[in-house]
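# Tertiary structure, described
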Amino acid sequence: MPSSEEIYCITDQAHAAEVLHPLRLEILRLAREPASATELSGKLGLSRQRVNYHVRRLARSGFLRRAGRRRRRNMVEQRYVASAGALVLSPELLGAVGAAWRRIEDPEGAGYLLALGCQMESDVIRVWREALRADTHVATMSLKSQFRFENAQQRERFARALQEAVVQVVTEHTSPNLRPDGSAAPGRPYRLVLGCYPYEPPRSPG
């Protein structure tokens, strides 16, 4: 499973089943800082025995790692810390029932964009996994921007201009993906996914 200090990618169904438990997810949230089962049980308001069972399961699956010991009265407690700051579930876990953009007819619909996002996530996880095995770095590019459209006409003009600009940049600065006979062209293949969607800004408290 691809992982770093920031992200732990879950690509195995057994590991997904291990972590998709409300209490275990809460333990991982609390274990961003080293803690023992006793400390966690106090924060959760649950018995140490119950929490310790789930802590051991998470440690066995690699979601928690040992983080030293501390002496408490006449006992020495093992402390644990989350293996990564966040978890990602690979879309490939859903297999044949997962979202596939080729099966969605409306390219302007939310479902199509969601399916493209799943494709991108699967692609990145797969290449990251192979890079870790080969001890190499994955070169990626990311762009994020936030703005507003005041009307549909403004949004349509933006879409046309963006499409023209992207086509021009791709034409001028990349090589063809396929040869005329349909075979793969030289070079490493890259996939570009651009998405634009409305979102709900977080509400201010009060």
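Residues numbered from 1 in each chain as written. Predicted model: local features only at pLDDT ≥ 70, side-chain atom pairs only at ≥ 80, totals over all residues. Heavy atoms only, no water.

### Topic: the packing of helix α3 (residues 37-44) against helix α4 (residues 48-61)
- Contact geometry of α3 with α4 gives a least axis separation of 9 Å together with a crossing angle of 120°. Like other packed secondary-structure pairs, α3 and α4 cross with a definite hand, here right-handed. Each of Ala37, Thr38, Leu40, Ser41 and Leu44 in α3 lies in contact with α4, whose residues at this interface are Arg48, Val51, Asn52 and Val55. (Axes fitted to C-alpha atoms, helices over the stretch in contact; angles between N-to-C directions. Helix = DSSP H or I, 4+ residues; strand = E, 2+ residues; numbered from the N terminus. Left-handed = near helix turned anticlockwise from the far one by under 90°. Contact = heavy atoms within 4.5 Å.)

### Remarks on the packing of aromatic side chains
- One pass over the full model with this rule turns up five aromatic pairs.
- Relative to tyrosine 112, the ring of tryptophan 101 lies with its centre 6.4 Å away and its plane at 75°, an arrangement referred to as edge-to-face. Residue tryptophan 101 is found in the loop between β5 (86-89) and α5 (110-134), and its partner tyrosine 112 is found in helix α5; the two are separated by 11 residues along the sequence.
- Classification of tryptophan 101 as partly exposed rests on a relative accessible area of 23%.
- Arranged with centres 5.4 Å apart and planes meeting at 65°, the rings of phenylalanine 147 and phenylalanine 149 form a pair that is edge-to-face.
- Accessibility expressed as a relative area gives 39% for phenylalanine 147, which makes it partly exposed.
- Note on phenylalanine 149: relative accessible area 28%, which makes it partly exposed.
- Chaining the aromatic ring pairs together yields one cluster made of Phe147, Phe149 and Phe158. (Phe/Tyr/Trp six-rings, centres within 6.5 Å; stacked < 30°, edge-to-face > 60°. Buried < 20%, exposed > 50% of the residue type's maximum accessible area, 1.4 Å probe, protein only.)

### Observations regarding unusual backbone geometry
- The phi angle at aspartate 135 is positive, at roughly 55°, despite the residue not being glycine.
- Among the secondary structure elements, aspartate 135 is positioned in the loop between α5 and α6 (152-173).

### Some points on a negative patch on the surface
- Taken together, the side chains of Glu105, Asp106, Glu108 and Glu156 present a region of like negative charge at the surface.
- Residue placement: aspartate 106 occurs in the loop between β5 and α5.
- Exposure remark for aspartate 106: the relative accessible area of 44% places this residue in the partly exposed category. (Patch = residues over 30% accessible without salt bridge, like charges linked within 9 Å, V, L, I, M, F, W, Y side chains within 5 Å. Areas by Shrake-Rupley, 256 points an atom, 1.4 Å probe, with all protein chains shown as cover. Salt bridge = Lys/Arg side-chain N within 4 Å of Asp/Glu carboxyl O. Lys, Arg positive; Asp, Glu negative; His and termini not counted. Charge placed at Lys NZ, Arg CZ, Asp CG, Glu CD.)

### As for the pattern of salt bridges
- Enumeration over the complete set of coordinates arrives at 10 salt bridges.
- The partner of glutamate 77 in a salt bridge is arginine 70, and the shortest N-O contact between them spans 3.0 Å.
- Glutamate 77 gets classed as buried once you look at its relative accessible area, which sits at 4%.
- Among the salt bridges present, the one from arginine 126 reaches glutamate 92, with a minimum N-O distance of 2.2 Å. A residue pair is termed long-range when its members are at least 10 positions apart, and arginine 126 in helix α5 and glutamate 92 in the loop between β5 and α5 qualify at 34 residues.
- With relative accessibility at 34%, the residue arginine 126 sits in the partly exposed group.
- For glutamate 92, a relative accessible area of 37% corresponds to the partly exposed category.
- Each of Glu39, Arg70, Glu77 and Arg79 takes part in salt bridges that share partners, so that together they form one network.

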